Structures are given as structure tokens and as C-alpha cells.
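Residue-level listing of the chains:
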Amino acid sequence: MADLKSTFLKVYSVLKQELLEDPAFEWTPDSRQWVERMLDYNVPGGKLNRGLSVIDSYKLLKEGQELTEEEIFLASALGWCIEWLQAYFLVLDDIMDSSHTRRGQPCWFRVPKVGLIAANDGILLRNHIPRILKKHFRGKAYYVDLLDLFNEVEFQTASGQMIDLITTLEGEKDLSKYTLSLHRRIVQYKTAYYSFYLPVACALLIAGENLDNHIVVKDILVQMGIYFQVQDDYLDCFGDPETIGKIGTDIEDFKCSWLVVKALELCNEEQKKVLYEHYGKADPASVAKVKVLYNELKLQGVFTEYENESYKKLVTSIEAHPSKPVQAVLKSFLAKIYKRQK
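Here is a short report on the structure shown in this document. Because the structure is predicted, anything quoted here is derived from the model rather than measured.

Right, let's talk about the pattern of salt bridges for a bit. One pass over the structure, following the stated rule, counts 14 salt bridges. The salt bridge involving Asp56 is made with Lys336; its shortest N-O contact spans 3.3 Å. On the criterion of sequence distance, the pair formed by Asp56 in helix H3 (residues 49–61) and Lys336 in helix H14 (residues 324–337) is long-range, its members being 280 residues apart. Between Glu319 and Lys331 there is a salt bridge; the shortest N-O distance is 3.1 Å. A residue pair is termed long-range when its members are at least 10 positions apart, and Glu319 in helix H13 (residues 299–319) and Lys331 in helix H14 qualify at twelve residues.

If you walk through the whole model with that rule in mind, you get 21 aromatic pairs. Relative to Tyr194, the ring of Phe89 lies with its centre 5.5 Å away and its plane at 65°, an arrangement referred to as edge-to-face. Placement of Phe89 in helix H4 (residues 69–96) and of Tyr194 in helix H7 (residues 180–206) is noted, with a sequence separation of 105 residues between them. On the accessibility criterion, Phe89 (10% relative accessible area) is buried. Aromatic side chains Trp258 and Tyr306 sit 5.2 Å apart centroid to centroid with 45° between the ring planes, which places their arrangement in the tilted category. Taken together, the residues span a long stretch of sequence, with Trp258 in helix H10 (residues 258–266) and Tyr306 in helix H13 at a distance of 48 residues. A residue is classified by how much of its surface remains accessible, and Trp258, at 2% relative accessible area, is buried. An aromatic cluster of three or more residues is present, and its members are Tyr227, Tyr234, Phe238, Trp258, Phe303 and Tyr306. A cation sits over an aromatic face here: Arg37 above Trp34, 5.5 Å from the ring centre.

Let us look at helix H12 (residues 284–296). Helix length check: H12, at 13 residues, gives a terminal C-alpha distance of 18 Å against a target of 18 Å (1.5 Å per residue), a fit within 8%. All buried positions along H12 are accounted for by Ser286, Val287, Val290, Leu293 and Tyr294. The arc that holds the buried residues of H12, viewed along the axis, is 120°, so those residues lie on one side. Where H12 is buried, its residues contact helix H8 (215–238), H10, helix H11 (269–278) and H13. Positive phi appears at Lys298, one or two residues downstream of H12, with a value of about 55°.

Cut-offs applied
- Residues numbered from 1 in each chain as written.
- Predicted model: local features only at pLDDT ≥ 70, side-chain atom pairs only at ≥ 80, totals over all residues.
- Heavy atoms only, no water.
- Salt bridge = Lys/Arg side-chain N within 4 Å of Asp/Glu carboxyl O.
- Helix = DSSP H or I, 4+ residues; strand = E, 2+ residues; numbered from the N terminus.
- Phe/Tyr/Trp six-rings, centres within 6.5 Å; stacked < 30°, edge-to-face > 60°.
- Buried < 20%, exposed > 50% of the residue type's maximum accessible area, 1.4 Å probe, protein only.
- Lys NZ or Arg CZ within 6 Å of the ring centre and 35° of its normal.
- Expected span 1.5 Å × (residues − 1).
- Arc of directions from axis to C-beta.
- Contact = heavy atoms within 4.5 Å.

Honestly, that's just the spatial picture; any functional story needs more than this.
Rendered as C-alpha cells:
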């Protein structure tokens, strides 16, 4: 795995160099230096799970056949396109949320002399994706499908972000809107498509598959993405900050979290008053009251039950799939997230 990651990082350097010499633009030392610093700061810094899973998935689809250098390069390049997409979303999200840190360093727009230039950097990151695709995939039979895939998933993600933003509007805090169906919609569009479906769809395309024949795979991966986000919501409140590497703020931020949706379903009138009064307040006493209420409602047990139920359903759906290699891809995704602590 370490060796896969170092190969993957080498491909980043190649793609970065190509972008910094893109003949469609007249580069100067200043512009080249700016884009290079911006890329190094925002693209390769995360866990790289989404990008690496394109290579993982492609290997499993090829059923243990030795991959050629070109195959590894192409799978890596698509993996990096997903990481570029992620960087673009995060740079702009952090501006919208007025966040302070990301991946243990200041958000890009908080870096001195960057500020709102970060908005244009986000646009550049987005535009690097079709440049990479054009350079390396233009001659492939699946080129148009790749462009369509990235465009559609980007649209779905931006639309999910929109529902999330308009739901948590300041001054319109209304818990009665927070239902399981709203939670599912936000998560499905904002996270599941680009984090779970996109890497596998990329692998399927380079393996010569037609995505129209894999609607079931898409559905299973979206379900997995929803399960993953429910875990995230749970860990935000009950996880160990040391382990997850951040301190959760979903309660303060009035997030449409699975926990608050469940609490609203399970609470009595008295408890509902407490939620309405304290959810979305920044002061630690209010947050503590919400957490006490979550414990009274035994939400940790409710989550464990949800986790086991989801796992069983997912395994059943996966095992019903006619293709063993596709089953292997889906099982490897599920194994990575089941009962995770971070």
C-alpha cells in the first residue's frame, strides 16, 4: 500500500508539471509559482482515499492480472482528478463556512496574501480536471463518458451543497425541517456521489464497462455513502477527538445531523423544548445539554443498531450482484468503513 501511495504521488508531480506548462496559457514565473504553491497546498494534503480507491478498484476489476505501467498511470490520473475535484470543493466550502483550519493547517483563503483570490483558485482547480482528461484520455473510447461523469457528479455535489447551505441559513433556524429524508438528500448529493460512486465509476470506465449497465452498483455505493456520513455524524459527537483529528461542532453549527434527526423522532415534548432551545447555540452549556439529551435517548445504542442493520443490508445487496470482481470492489469499500473509529 505504501508503495502504491508513492507511485500515486509521483503521478501528481507529472500532472502538476504538465498543468504548469499548459500551452493554452502564456506562463510567467509569478503565475507558475502561484499555481504550484496553490496546488501543493490544496491537492495532495488529505488522506487521498478517493484517489487511491480508483487504482484499488481497477485492480480488483482486472482480477489479479498484472497491470501495465500505462494502466497504473491512467487509473492514478483519474484518481488525481477526483482529488482535484475535492480540493476545488474544499477551497470554496471553507470560504462559504468562514472556516479556520483544514487538514491541520489554515484554510487556503486564510493564508496571508491569498484571501478571496482563493475563489478564483477554486475555479482554476475545477478547470484543471478537463485539461488532465484531455491530455491523457482524448483518444479513448470512453473519453466522452468520463467528461459526462465528472460534469454530472460535480452538478450533484454542488446541488447537495446548496440544500445544505439554504437549510442552515442564519436567522431561519427551524428544527422542524430536519427529517430523515432531508438528511438523506443532503448526504446523497453532497457526499455520496463524489466520494463513493465516482472512484468506482472511473475504474469501471477504464476497464471498458458501460456505466448504464451498473445502476445497481451506483445505488449500493450511494447507500454506502449515506452510511459513511451517518458514522461521521455519530463520530462528530461521540468520537474521540484525538482519534478523529478534529473537534466536532455539528451541534453548534446547527447541522442537519443524523443524531438530531433521530433525537427529534424519539424525544417527548419536554425534551423537544430542550432541543429547540439549545441546538445551534455556540455556548458550551447549550452543547452539553444537547449531549445529555442524546445520552438520555440512548442514541449510541440507536446508532449501533443502525450500523448493524445497514451493514447486513449492504452485504445482502453486494452478494446478489452477478459479477464477482464487482462484488470484490464493493466489499473492499465496505470493509474500509465498517465500524471505523475515525
